[in-house]
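Residue-level listing of the chains:
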Amino acid sequence: MAADIEKLKAVEQQLLWLSCWTIHNANHVRPKGEGDVKVGGHQASCASVVSIMTALYFDALRPEDRVAVKPHAGPVFHAAQYLMGNQTREKLENFRGFGGTQSYPSRTKDIDDVDFSTGSVGLGVAMTAFASLVQDYVKSHGWAANRPEGRMVALVGDAELDEGNIYECLQEGWKHGLRNTWWIIDYNRQSLDGVVREGLWRRIEAIFPAFGWNVVRLKYGALQRSAFAEPGGEALRDWIDRCQNDLYAALTYKGGAAWREQLADDIGGKAGIAELLARRSDDELAELMTNLGGQCLETLTEAFADVADDRPTAFLAYTIKGWGTPLAGHKDNHAGLMTEAQMESFRTQMGVTAGAEWDRLPATGDTGTLEEWLDGVPFFSAGRRRYAAGPIETGGAVYLDDAIQSTQAGFGKILDEIARSGSPLSERIVTTSPDVTVSTNLGGWVNRRGLFARDARSDLFREQNIPSAQKWGFSPRGQHIELGIAEMNLFLLLGAAGLSHSLFGERLLPVGTVYDPFIARGLDALNYACYQDSRFIIAGTPSGVTLAPEGGAHQSVGTPLIGMSQDGLAAFEPAFLDELSVIMDWAFDYLQRGGEGDPSERTWLRDETGGSVYLRLSTRPVEQIRAARDEQFAQGVVDGAYWLREPGPNAEIVIVYQGCVAPEAIAAAGRISNDRRDIGVLAVTSADRLNAGWTAARRARARGHGSAESHVGRLFARLPRHCTLITVIDGHPATLAWLGSVTGHRTVPIGVEHFGQTGTIADLYRHFGIDADSIVAAANELSPGRPIGLRARIA
């Protein structure tokens, strides 16, 4: 059915007005506090995409489609939602204020129907490709059979194409046969600091087809195409094609008279041009020259409707930054704001009467028939489009009985046991890894569950009778998605899969693995995934200088601090398999939580809301300590710490460790206990959760809960004031150094602060001072009493 262009133009006008007014109100109308500055503009950025968003939301899209809106187009998105009754005036009036609509669309902070949060440029774009892959995964496994497939759509700023993760995503999409993905590029040729380089469109039209995409160039609007059919039209088209971006922008800003003078000077002598110009007033000429494809509803709706297949498609939509406003074309318009006088003139131009600025339809004339038409817009017909999915039972902790083992190997064995069980949990786990599947111990899981691809592919090595421990067969029922070496892609895929319950109505439990130091390579995408409240497990392994022979490039130092500081991510670093078993069982449940309510008064953590989980693991085999495997042990592990060795009433020293340095801590405690009283050993499984509970309890006390006490506060309450804490971790010492502040104990933090190097574990532990001798030496130096016997250092 052909688009109703007149109705769409009315909506376009309203979205342009509301988005610009929202920004103006935030800067010029709403009162500000002392010292506050203007909150920013982006009226020009909104204006450049208003036609695209009108054509998308009010014509092309269907409820099953999902959209990532470029960050600076947020006000247009909110205006569209306001128009359709999904956003409030109060929130719009408080745009960029506390409790108001967010600067950039947010799934978790905004009340309207945001599919993908955006903000860090490039990530929302790539997210749509991985969401499409997840949709294929869900469909291939026989789920959501009654729901139509949707298109994953991104509105892309042309400057976002500078982001490297875009091209990493393109390559990964090609590998997996990406489909049902649209990227609409707002090609306004102006970025924050200047004008986009000439000829970028040629690179776009070369790169995308190389990865299997269609490219649709939307350069000329309907008015321009009509003018090209007039005498002199070919000369005009040729001039437009040859005009430099900065000149085109400058003439747009200067207006019709400037266009007329420039065209007359450059091509006025060509046949038909003088007459073509003479037939148009200055205003009409300016309208013609700014009628680019991305500002033309006829062009946009026809182009969107013409796509009849599921191939990924990039629309190169030429636009004018600031289109329809006094800011159009100016080189400084990125964060520009209309002045009070300009806004008043703009209000009159848009037909908005004074006092009606916030009316839903003040700029559209005949509101009655438009209201009726809006009620039938397909995209909004289903109401709020977020799904929910029921919980998957975890089945309880999978305990292992290995006498000596590493946590990385234990992680793989637990997943293998789950895969073998055939439980409901095993059916919903999907694993992924950036080309480190085998070296992070996912091989057993993959052998049992297979690799995912829409089209089955056999393992040719096995067919050729070549011995291998790996079974690398691909099928639509496989449960491992293999990625290339790009950590940004890993976290974007985890982010998309971890939203499957909301986007597609089917619960997935994503598990990713990556070498621990390379979490930093994907950190922006990890933060982005957590900001969306996506749910996944990420295992960073191997970690620390314990990966001794690999050297400093593969040895992580600061990742425990990343785990502590990242919102939406509960970080753990177990030393023993029993701890890991408890954590993984808890994690699969924690991923599925979405409840509201008050924090637990036992820990003051917000566990009822759920989140994602980070496991920092190691390849170091350690002798296992058999735990009681009871509820008390499990609770201590989940809460973040438990006493491995209870301190006595006169404890002089407590050794606090996290992770695979447990043997050093235990050995040191045994040696120190010969010369110091009541030594305690605290096994920390999560400095993150200990710290979060401690700070949350302090806030609770400030709010009137005078008896609020954290888990770590209760653990340390029994320690005498003279007790010294020695903390040790194969990571940055600041991870545990804060523990002295809990109840005021002197603390000696031991850890790694500098890049590692090659060597043996013993070499590097001694070099960085995290071996048993170093712990004993610290105790000897800082605790009063007779000298503690030191073992001779190993040469």
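It should be noted that the structure appears before, not after, this text.
For the structure given in this document, a descriptive report is provided here. Throughout, residues of each chain are indexed from 1 in the direction in which the sequence is written. With pLDDT at 70 or above as the cut-off, local features in this predicted model cover only qualifying residues; side-chain atom pairs require 80 or more to be listed or tallied, and sums for whole chains, interfaces and linings still use all residues. Derived side-chain values reflect all non-hydrogen atoms in the structure, with water molecules and hydrogen atoms excluded from consideration.

Of the regular secondary structure elements, the protein holds 33 helices and 20 strands. Both definitions apply: the radius of gyration is a C-alpha atom measure, and the globule rule equals 2.2 Å times residues to the power 0.38. Against the 2.2 N^0.38 benchmark of 28 Å for 795 residues, the protein shows a C-alpha radius of gyration of 31 Å, consistent with a compact globule. In terms of overall dimensions, the protein has C-alpha extents of about 105 × 75 × 50 Å along its principal axes. Here the term buried applies to any residue with accessible area under 20% of the maximum for its type, exposed to any over 50%, and partly exposed to those in between, with areas from a 1.4 Å probe on protein chains only. Expressed as a percentage of the 795 residues in the protein, the buried residues total 59%. Sequence separation of at least 24 residues holds for 77% of the intrachain contacts in the protein that already meet a minimum separation of 6. About 30,700 Å² of surface is accessible on the protein, with carbon and sulfur atoms providing 50% of the total. Positive: Lys, Arg. Negative: Asp, Glu. His and the chain ends are not part of the count. Charge positions are represented by NZ for Lys, CZ for Arg, CG for Asp and CD for Glu. If the 77 positive side-chain charges of the protein are averaged to one point and the 98 negative ones to another, these points end up 4 Å apart. A run of H or I in DSSP counts as a helix once it spans at least four residues, and a run of E counts as a strand once it spans at least two, with each numbered from the N terminus. Here a residue-residue contact requires only that any non-hydrogen atoms of the pair lie within 4.5 Å. For the area figures, the Shrake-Rupley method with a 1.4 Å probe applies, and any residue is considered shielded solely by the protein chains shown.

Moving on: the sheet that holds strand S1 (residues 66-68). The five strands are arranged S1-S2-S3-S5-S4 in an open sheet whose pairing can be described as parallel. With one partner strand each, in any of the chains shown, S1 and strand S4 (214-218) form the two edges of the open sheet. On average, each strand axis in the sheet is inclined to that of its neighbour by 15 degrees, with strand direction left out of account. Strand pairing requires that DSSP identify at least two bridges connecting the strands. Of the strand pairs in this sheet, S4 and strand S5 (residues 313-318) are connected by five bridges, and their pairing is parallel. Throughout, an axis means a line fitted to C-alpha atoms (over the contacting stretch in the case of helices), and angles, computed between N-to-C directions, take values from 0 to 180 degrees.

Moving on to the sheet that holds strand S18 (residues 680-684). The pairing of strands in a sheet comes from backbone hydrogen bonds and takes either a parallel or an antiparallel form. Spatial ordering of the open sheet is given by S16-S18-S17-S19-S20, a layout of five strands whose pairing is mixed. Looking at the sheet topology across the chains shown, the edges are occupied by strand S16 (641-645) and strand S20 (746-750). Strand after strand, the sheet turns through a mean of 25 degrees between neighbouring axes, direction not considered. Relative to S18, strand S17 (residues 653-658) runs parallel, the two sharing five bridges. Across the sheet, the residue bridging to Val-654 is Gly-680, located in S18.

In this section: helix H9 (residues 233-242). Turning to H9, its buried residues are Gly-233, Ala-235, Leu-236, Trp-239 and Ile-240. Seen end-on, H9 carries its buried residues on one side only, within an arc spanning 160 degrees. Among the exposed residues of H9, those pointing more than 90 degrees away from its buried face are Glu-234 and Arg-242. Those residues of H9 that are buried lie in contact with helix H8 (222-228), helix H10 (245-254), helix H11 (256-267), helix H12 (273-278) and helix H13 (282-289). Note that the arc is computed from the directions linking the helix axis to the C-beta atoms.

What makes a salt bridge here is a side-chain nitrogen of Lys or Arg within 4 Å of a carboxyl oxygen of Asp or Glu, nothing more. Scanning the entire structure with this criterion turns up 40 salt bridges. Close ionic contact of Arg-677 with Glu-652 constitutes a salt bridge, the shortest N to O distance being 3.7 Å. Separated by 25 residues along the polypeptide, Arg-677 in the loop between helix H27 (662-672) and S18 and Glu-652 in the loop between S16 and S17 bring together distant segments of the chain. By relative accessible area, which is 49% here, Arg-677 ends up partly exposed. With a relative accessible area of 14%, Glu-652 lands in the buried category. Through salt bridges with shared partners, a single network forms among Asp-136, Glu-149, Arg-179, Asp-310 and Arg-454.

In this section: the packing of aromatic side chains. Geometry of aromatic contacts follows a simple scheme: Phe, Tyr and Trp rings, the Trp one being its six-membered ring, pair when their centres are within 6.5 Å, and the pair is stacked under 30 degrees between planes, edge-to-face over 60, tilted otherwise. Under the criterion given, the structure shown has 25 aromatic pairs. When the centroid spacing of 5.1 Å and the interplanar angle of 70 degrees are considered together, the rings of Trp-182 and Phe-315 count as edge-to-face. Taken as a pair, Trp-182 in strand S3 (residues 181-187) and Phe-315 in strand S5 lie far apart in primary sequence, 133 residues in all. On the basis of relative accessibility, which here comes to 2%, the residue Trp-182 falls in the buried class. You can call Phe-315 buried: its relative accessible area is 0%. Among the aromatic residues, ring-to-ring pairing joins Tyr-57, Phe-58, Phe-77, Phe-379 and Phe-380 into one connected group. In this arrangement the basic side chain of Arg-147 is found over the ring face of Tyr-387, its NZ or CZ atom lying 4.2 Å from the centre. Of note, Arg-521 hangs over the ring of Phe-518, and the distance from its end group to the ring centre comes to 5.7 Å. Ring-over charges, as used throughout, are those where CZ of Arg or NZ of Lys falls within 6 Å of the ring centre and within 35 degrees of the ring normal.

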